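# Coordinate inspection notes
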Amino acid sequence: MGKEGAAQPADLEGLYARKYRIRVKTSKDIEAIRRAGRLVVDTLALVAPRIRPGITTDDINTWVHEFTVKSGAVPAPLNYRGYPKSVCVSVNEVICHGIPSQRVLKDGDIVNVDVTSILDGYYADANKTYFVGTPGPNAHKIVGVARECLRRGMELVKAGSTVGDIGWAIQTHAESQGCSVVREFVGHGIGFDFHEPPQVPHFGRKGEGLALIPGMVFTMWTAVTRDGSLSAQFEQTVLVTDNGCESLTPWED
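Cut-offs and rules
Residues numbered from 1 in each chain as written. Predicted model: local features only at pLDDT ≥ 70, side-chain atom pairs only at ≥ 80, totals over all residues. Heavy atoms only, no water. Helix = DSSP H or I, 4+ residues; strand = E, 2+ residues; numbered from the N terminus. Rg over C-alpha atoms; globule rule 2.2 N^0.38 Å. Buried < 20%, exposed > 50% of the residue type's maximum accessible area, 1.4 Å probe, protein only. Contact = heavy atoms within 4.5 Å. Areas by Shrake-Rupley, 256 points an atom, 1.4 Å probe, with all protein chains shown as cover. Phe/Tyr/Trp six-rings, centres within 6.5 Å; stacked < 30°, edge-to-face > 60°. pLDDT = per-residue confidence, 0-100. Disulfide = S-S within 2.5 Å. Axes fitted to C-alpha atoms, helices over the stretch in contact; angles between N-to-C directions. Parallel < 35°, antiparallel > 145°, perpendicular 65-115°, else oblique. Left-handed = near helix turned anticlockwise from the far one by under 90°. Nonpolar A, V, L, I, M, F, W, Y, C, P; charged D, E, K, R; others polar. Salt bridge = Lys/Arg side-chain N within 4 Å of Asp/Glu carboxyl O. Expected span 1.5 Å × (residues − 1). Pairing = 2+ DSSP bridges. Core = buried A, V, L, I, M, F, W, Y, C linked by side-chain atoms within 4.5 Å. Polar contact = N/O pair within 3.5 Å; in protein donor to acceptor, adjacent residues only side chain to side chain.

A separate point is the overall build of the chain. Check the secondary structure of the chain and you find five helices and ten strands. Radius of gyration (C-alpha) of the chain: 18 Å, near the 18 Å computed for a compact globule of 253 residues. Along the first, second and third principal axes, the C-alpha atoms of the chain reach 55 × 45 × 30 Å. Buried positions account for 53% of the 253 residues belonging to the chain. Contacts in the chain between residues far apart in sequence, at least 24 positions, make up 66% of those at least 6 positions apart. Roughly 11100 Å² of accessible area belongs to the chain as shown, and the carbon and sulfur atoms make up 50% of that amount.

This is the structure in structure tokens:
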């Protein structure tokens, strides 16, 4: 579906609710998601300096779980569709949704930590990929490409852009760097639930897909791979505003 012709945002809000089950967030909802987002960012900041060779991915799960519960929140992945842990931890070639275990991180690994928290009934979601010890050139390459893909995608999040514009920006940069986007997993609406409409692929064509309107909240997610040997991903929860977008999980590089 392309842009909705001359329809105004208020008209689109009603159409999207009826046809696509997209729930535009109110200012009250946005503030609540922003608070959940701050917790997600704080959780990633807690984990980051502890990542080093010799720890296990289950250590990361313990840190995330304990900090989330101590903060009065719920780790959204735990028991979600049978998922047994409180965070997703994906190492090297594991594209996403890696289950924490006794796997020991080694020097040169890259590891993605994907945190989703429920605070006062609202969800926020973000992830980052980290170097373990001293990374090799391929690790530097794939992580840099994934981070830049997210930045370019976020630049196109604004009222009047389309979902296809975002995917096009991500796909174009990844492929220009000799990498591939992962098509099996996509960004998604969030806020009232873990996964809401719409889906936001990180591939696509300019001008195609749903038009963005203020108050939409969804995850911007880039997952890229190179030769099947390494993959990296970065994710933020973003809000479409009248003037562009705001990250509700503004982690620092």
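Turning next to the packing of aromatic side chains. Given two aromatic rings, one states the distance between the centres and the angle between the planes to describe the pair. Summed over the entire model, instances satisfying the criterion amount to six aromatic pairs. On the basis of an interplanar angle of 50° and a centroid distance of 6.0 Å, the ring pair of Y122 and F192 is categorised as tilted. Residue Y122 is located in strand 4 (residues 122-131), and its partner F192 is located in the loop between strand 6 (187-189) and strand 7 (196-200); the two are separated by 70 residues in the primary sequence. Ring plane angle 70° and centroid distance 6.1 Å describe the contact between F185 and W221, whose orientation is recorded as edge-to-face.

In this section: the confidence of the model for the chain. With 96% of its residues at a pLDDT of 70 or more, the chain has an overall mean of 94. A low-confidence stretch, residues 1-7 stays under pLDDT 50, and its non-local contacts, those more than four residues away or across chains, total 17 contacts.

Summed over all chains, the structure comprises zero disulfides. Cysteine C88 is unpaired, with the sulfur of C96 as its nearest cysteine sulfur at 7.5 Å. A relative accessible area of 8% means that C88 is categorised as buried. Cysteine C149 is unpaired, with the sulfur of C179 as its nearest cysteine sulfur at 7.6 Å.

Bringing the packing of helix 2 (residues 27-47) against helix 3 (residues 57-70) into the picture now. Here helix 2 crosses helix 3 at 140°, and the two axes come no closer than 10 Å. Regarding the angle of helix 2 to helix 3, the classification is oblique. You can see that helix 2 and helix 3 cross each other, and the crossing is right-handed. The segment helix 2 lies against helix 3, with L39, D42, T43, L46 and V47 engaging I60, W63, V64, F67 and T68. Here the contact of helix 2 with helix 3 is built from residues that sort into seven nonpolar, two polar and one charged.

It is worth spelling out the environment of L12 at this point. Looking at the element boundaries, L12 is found in helix 1 (residues 9-20). When the C-alpha positions of L12 and V94 are compared, they lie 38 Å apart, and in sequence the two are 82 residues distant.

The next point concerns the pattern of salt bridges. Under the counting rule described, the total for this entry stands at nine salt bridges. Between E31 and R34 there is a salt bridge whose closest N-O contact spans 2.6 Å. A residue pair is termed a helical-turn pair when its members lie 3 or 4 positions apart in one helix, as E31 and R34 do in helix 2 at three residues. Connected through shared salt-bridge partners, E31, R34, R35, R38 and E246 make up one network.

This part is about helix 5 (residues 163-176). Over its 14 residues, helix 5 extends 20 Å from the first C-alpha to the last, a length consistent with the 20 Å expected when each residue adds 1.5 Å. Counting buried residues along helix 5, ten of its 14 residues qualify, which places the element largely inside the surrounding structure. Here helix 5 has its buried residues at V163, G164, D165, I166, G167, A169, I170, Q171, H173 and A174. Once helix 5 ends, the next one or two residues include G178, with phi positive near 75°.

This part takes up the pairing of strand 8 (residues 217-226). Among the ten residues in strand 8, nine count as buried, and that is most of the element. Two successive antiparallel strands, strand 8 and strand 9 (residues 230-240), enclose a turn made up of three residues, where D227 displays a positive phi of approximately 60°.

Membership of the largest hydrophobic core comes to 71 residues, with the highest contact counts inside it found for I60, V113, M216, F218 and M220. Sort the elements by how many residues they give to this core and helix 2 lands first, with nine residues. Those residues in contact with M216 that sit more than four places away from it in its chain are Y16, I22, V24, P198, A211, V238, L239 and V240.

Moving on, we get to the environment of E31. Judged by relative accessible area, E31 falls into the partly exposed class, the value being 30%. Separated by 217 residues in the primary sequence, E31 and L248 have C-alpha atoms spaced 9.0 Å apart. Separated by 2.6 Å, the side chains of E31 and R34 make a polar contact.

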